[in-house]
Amino acid sequence: MFEAQPVALILDEFQKWFDGLSDQPGPEGIKYRTWAENFIQNLSELSKDRPDLLILVVSVLNNNTEAFRQVHRDGPVIVDFRGPTAKEDRKNLLLYRLFENRQNIPTDEIRSLLDSYASERFRLRFFHLPESERSRVVSEVMACWPFSPELMELLEDHILMAEAAQETRDLIRILASSYRERGEKVPIITPADFFVDDDACGVQSLLDSIATVGEQERLRQVAQRNLETVKTIGASVPHARELVSALWMRSMSPGRNAGGTRQELQLDITREQPVDDNSFQGELVQLIEASINIHGEESPDGRLRFGLEENPRSKVRALAKNDKLWQQGVSAAEVGQTVYPGKDIEHVRNTLRHILVPETRQSSSRVIALGPNWQNDPWADVDDLDKPSKWDRPVLIVIPEPLQTSEGKRVDALGKWLASHVPAKRNTVRFLLPSDGVKSIYQDAELLFCSRCSYLTSIAWRDDSKYRGLKEEFDKPLRDSLKKRFDKFAVLRRWNYQQPDQCIFDVERVTAQGGEIPTAVEKSLVEDLFDPAEFQSLVLERAKESCLVGDLLDELTEPPPPDTKDAIPFLGETPIYEEILKIVSRGKIVVNVGGTWVGRLPEHSSDEEALRSIRSRAFRSGQEMRQIRLGLPSVVGGTTVTGPRIHHPVLPPKPPSVAEPQPPVILPITPPTGPVVSVPPVITTTEVHRTNEATSGINLTACFEKWGIDPSAVLNTTKIEFNDLTVQQVKQILTRLPSSLKASMEVTFTKEGGEE
């Protein structure tokens, strides 16, 4: 038979056939295995003796079976398909079977298509090789075209190793599908061309080849969801589809080879032009932050991969990037998942307050961080104790956005804000201002991203240990940014209620950060803005009037009227009283404490010695301090005995009439009398009446500014009406009136038994 026509006989998968044979039992049984051995032995001997007539080619899986030993009896030529050239042979055979005209395309034409890709491949993957190896690396790309060497390696050596894969037949089907869809659109096909959201790009053929229990299909669904999230949140990832697809393809490799390095992924998306390194790194960071199933990003040189399980760090970042989840008023029904409306802004405010007021340190001023609507409705979303009516000490108000400071120390919006939203104690306010050029802390996308990450790990998901462990990682960027954001403060210097835009502020730099800021502000006020000489002049004036310390403190909490004098910084009740005691120690004034005048004694050799002695006898706090009276040494004649007599003018009450209803308590106050002096002719005037509804005394003081009455104007009649006061409360009011004022009093009350 072979002499008539020489034959090449190929027995493919011989091992599977031979190992499945066995002889039937008994002498009459068919000897399948024995006959096969004899048949193969005859063919082997014939091909050895007459190779011109018969070429016998037998393929086996390995060399440790009986099938291999049977063929090996006559010393055949062994071709190891795992040898150094076998891979190249399989690739050539594969391309020959795929394309009829692959060998007809000019080499120069292929080279021009692959110039960028081949250069980038050498730079990104083989940078450790000498330049002399470049031509060899380029030739590898040429030999694999239209597919990349990385794609061929990935499919052959990693993905199609699965037992369900039919090796070459499946590989041909997969590559043919991808080329039909992408071959005419790109210069070279890489893993990035297997679009995870498109079955036509060879994806379905690939899954059909390896999917056994659905795990790879689930991994694809994970990648699709991550790609959809990237699109939904609008992350800046121009190559999102290609990167997700390449990462998914590479994540199907088993074991430690799963995923791809950053260099491999950058090469996968390289087309006609190289991809800029910085742009690619930015894209990859955005992709990782928006995807909750990407793992391995902790190491810069590690392999990134998709996993069925969620990556806690990536999940936190992805949710923080999704603005829809954090919008005010959004509901879970609208977006289909848990939402956190306004929690990012709330967390910024809470964190800022904790930074400025550490739990281990007591601040001399109350820190108030205003919200986004600080200009129009600042007190709507603050604690009750932070509202002006509750202020009991100086306040440091944190302004969330930078303000323009014009010539003449006019800070845009602050004067108008004080006039509109702070009815009293305006001189107790300090404004902490952010650095110039930064965004509002509630509009800075990067800061809000940090706040969201911190909120999720420290509050929302703190019960889950895998998220709680990330708290420090996400807290630090937020706190570091807020600590360095504020570098100056402003305090009111000159007040103008009628024209608040004309208010003047002192603006001072702050070099401290974080919890040191409030202390640094108060220190700067004392050392740079508080004028002891100016304050002493004011105290001497009030000492002449035998003023109470409480009255002086109340006066200092309000700025002087416009066109009079500059405001003296209000340092707080205790620091102001300390300054008063310093004036006492210099012998300028004395203070009446509990009925005893205390001042500097002749035996005091220095101001410091006098201050120590005076402080030991006269230091008080709270209401005791407010009831201390100021006086001049010349008036009291020394530092002992009691203070000047206080005259409380009381006029005989008008006999009440039973038929006439009695009004509530009224304290008419007349201006102090003095000598009659000649005055120039007066122009005809009109008597004007102003009134205001019942409110606190501090708020009543602001009425004069609201009505536009000059502080020096003489009021013809002033009536302050109280209802339902006890006699003791009225006495307290009367004792606070300066002795230079004369007033009449009329009261209405009901006696027991019904008689008035």
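Residues numbered from 1 in each chain as written. Predicted model: local features only at pLDDT ≥ 70, side-chain atom pairs only at ≥ 80, totals over all residues. Heavy atoms only, no water.

### Quick look at the packing of aromatic side chains
Then comes step 1: With the rule as written, the count across this model stands at 16 aromatic pairs.
Then comes step 2: Both rings, one in Trp461 and one in Tyr467, keep their centres 4.7 Å apart while their planes meet at 55°; by these two values the pair is tilted.
Then comes step 3: A relative accessible area of 5% means that Tyr467 is categorised as buried.
Then comes step 4: Among the aromatic residues, ring-to-ring pairing joins Trp379, Trp391, Trp417, Phe431 and Phe505 into one connected group.
Then comes step 5: Directly above the aromatic system of Phe195 lies the positively charged group of Arg241, at a separation of 3.8 Å from the ring centroid.
Then comes step 6: Over the ring of Trp461 we find Lys315, and its NZ or CZ is 5.4 Å from the ring centre. (Phe/Tyr/Trp six-rings, centres within 6.5 Å; stacked < 30°, edge-to-face > 60°. Buried < 20%, exposed > 50% of the residue type's maximum accessible area, 1.4 Å probe, protein only. Lys NZ or Arg CZ within 6 Å of the ring centre and 35° of its normal.)

### Comments concerning a nonpolar patch on the surface
Then comes step 1: Nonpolar side chains collect at one region of the surface, where Ile10, Ile55 and Val57 lie side by side and expose about 280 Å² of accessible area between them.
Then comes step 2: Along the polypeptide, Ile55 turns up in strand E2 (residues 54-58).
Then comes step 3: Taking the relative accessible area as the measure of exposure, Ile55 reaches 49% and is therefore partly exposed. (Patch = residues over 30% accessible without salt bridge, like charges linked within 9 Å, V, L, I, M, F, W, Y side chains within 5 Å. Areas by Shrake-Rupley, 256 points an atom, 1.4 Å probe, with all protein chains shown as cover. Salt bridge = Lys/Arg side-chain N within 4 Å of Asp/Glu carboxyl O. Helix = DSSP H or I, 4+ residues; strand = E, 2+ residues; numbered from the N terminus.)

### Some thoughts on the sheet that holds strand E13 (residues 596-598)
Then comes step 1: Pairing in this open sheet of three strands is antiparallel, and the strands run E13-E12-E14 from one edge to the other. Two strands in the sheet have a free side with no partner beyond their single neighbour: E13 and strand E14 (629-631). Taking each pair of neighbouring strands and ignoring which way they run, the sheet shows an average axis angle of 30°.
Then comes step 2: Pairing geometry for strand E12 (residues 590-593) and E14, over three bridges, is antiparallel. Along E14, the bridge assignment pairs Val590 with Gly631. (Pairing = 2+ DSSP bridges. Axes fitted to C-alpha atoms, helices over the stretch in contact; angles between N-to-C directions.)

### Overview of the sheet that holds strand E9 (residues 429-434)
Remark on secondary structure: sheet strands pair via backbone hydrogen bonds, oriented parallel or antiparallel.
Then comes step 1: What the five strands build is an open sheet, ordered E5-E6-E9-E10-E11; its pairing is mixed. Edge positions in the sheet fall to strand E5 (366-369) and strand E11 (504-509), since each of these pairs with one other strand and no more. In this sheet, adjacent strand axes meet at a mean angle of 30° when their direction is disregarded.
Then comes step 2: By the bridge criterion, four bridges tie strand E6 (residues 395-398) to E9 in an arrangement that is parallel.

### Section: the packing of helix H16 (residues 343-356) against helix H18 (residues 445-460)
Then comes step 1: H18 packs onto H16 with a crossing angle of 85° between their chain directions and a minimal axis gap of 9 Å. In terms of their interaxial angle, H16 and H18 are classed as roughly perpendicular. Across from Lys343, Asp344, Ile345, His347 and Val348 in H16, the residues of H18 making contact are Leu448, Ser451, Arg452, Ser454, Tyr455, Ser458 and Ile459.
Then comes step 2: For the contact of H16 with H18, the residue count by class is five nonpolar, four polar and three charged. (Parallel < 35°, antiparallel > 145°, perpendicular 65-115°, else oblique. Contact = heavy atoms within 4.5 Å. Nonpolar A, V, L, I, M, F, W, Y, C, P; charged D, E, K, R; others polar.)

### A word on the pairing of strand E10 (residues 486-494)
Then comes step 1: Burial within E10 is extensive, with eight of its nine residues counted as buried.
Then comes step 2: In this sheet, E10 lies alongside E9 in antiparallel orientation, the contact comprising five bridges. Across the sheet, residue Leu433 finds its bridge partner in E10, namely Lys488.
Then comes step 3: Sheet topology note: the E10/E11 ladder contains six bridges and is antiparallel. Residue Val491 lies in a different strand from E11, and its bridge partner there is Asp506.

### Brief notes about the pattern of salt bridges
Should their charged atoms come close, side chains of opposite charge can pair.
Then comes step 1: Across all of its chains, the model carries 51 salt bridges by this definition.
Then comes step 2: With a closest N to O distance of 3.2 Å, Glu578 and Arg615 form a salt bridge. With a gap of 37 residues between them, Glu578 in helix H24 (residues 573-585) and Arg615 in helix H25 (residues 607-618) connect regions that are remote in the sequence.
Then comes step 3: Of the residues examined, Arg615 reaches a relative accessible area of 31% and is grouped as partly exposed.
Then comes step 4: One connected set of salt bridges, linked through shared partners, spans Arg121, Arg125, Glu133, Arg136, Glu140, Glu150, Arg250, Glu264, Asp268 and Arg303.

### Considering the environment of Ala192
Then comes step 1: Positionally, Ala192 belongs in the loop between helix H8 (168-182) and helix H9 (203-210).
Then comes step 2: Measuring from C-alpha to C-alpha, the distance between Ala192 and Leu243 comes to 6.3 Å, with 51 residues separating the pair along the chain.
Then comes step 3: Other than its neighbours up to four places away in sequence, Ala192 contacts Glu242, Ser245, Ala246, Asp268, Ile269 and Arg271.

### Quick word on the nonpolar core
Then comes step 1: Residues Phe535, Ile576, Ile580, Ile589, Val591 and Leu630 are the most contacted members of the largest nonpolar core, which totals 57 residues.
Then comes step 2: Ignoring sequence-local partners within four residues, the contact set of Val591 consists of Ile580, Val584, Thr596, Trp597, Val598, Ala618, Ile628, Arg629 and Leu630. (Core = buried A, V, L, I, M, F, W, Y, C linked by side-chain atoms within 4.5 Å.)

### Looking at the packing of helix H11 (residues 240-251) against helix H13 (residues 277-290)
Then comes step 1: Packing of H11 against H13 brings their axes to within 11 Å, and their N-to-C directions diverge by 70°. Accordingly, the angle class assigned to the pair H11 and H13 is roughly perpendicular. Residue-level inspection shows Ala240, Leu243 and Val244 of H11 in contact with H13, the latter providing Phe280, Glu283 and Leu287.

### A word on the environment of Phe126
Then comes step 1: Following the sequence through the fold, Phe126 ends up in the loop between helix H5 (107-125) and helix H6 (134-144).
Then comes step 2: Counting along the chain gives 11 residues from Phe126 to Val137, while the straight-line C-alpha distance between them is 8.3 Å.

### Describing the confidence of the model for the protein chain
Then comes step 1: The share of residues in the protein chain with pLDDT of 70 or more is 86%, and the mean pLDDT across the chain is 83.
Then comes step 2: Per-element mean pLDDT across the protein chain ranges from 39 in strand E15 (residues 666-670) up to 95 in E6.
Then comes step 3: Within the model, pLDDT remains below 50 along residues 162-166, and this stretch shows nine contacts once partners closer than five positions in the same chain are excluded. (pLDDT = per-residue confidence, 0-100.)

### Let's talk about the environment of His239
Then comes step 1: Within the element layout of this structure, His239 appears in the loop between helix H10 (215-232) and H11.
Then comes step 2: Judged by relative accessible area, His239 falls into the partly exposed class, the value being 24%.
Then comes step 3: A C-alpha to C-alpha distance of 7.7 Å links His239 and Glu283, two positions 44 residues apart in sequence.
Then comes step 4: Ignoring anything within four residues of it in the chain, the contact list for His239 reads Ile269 and Glu283.

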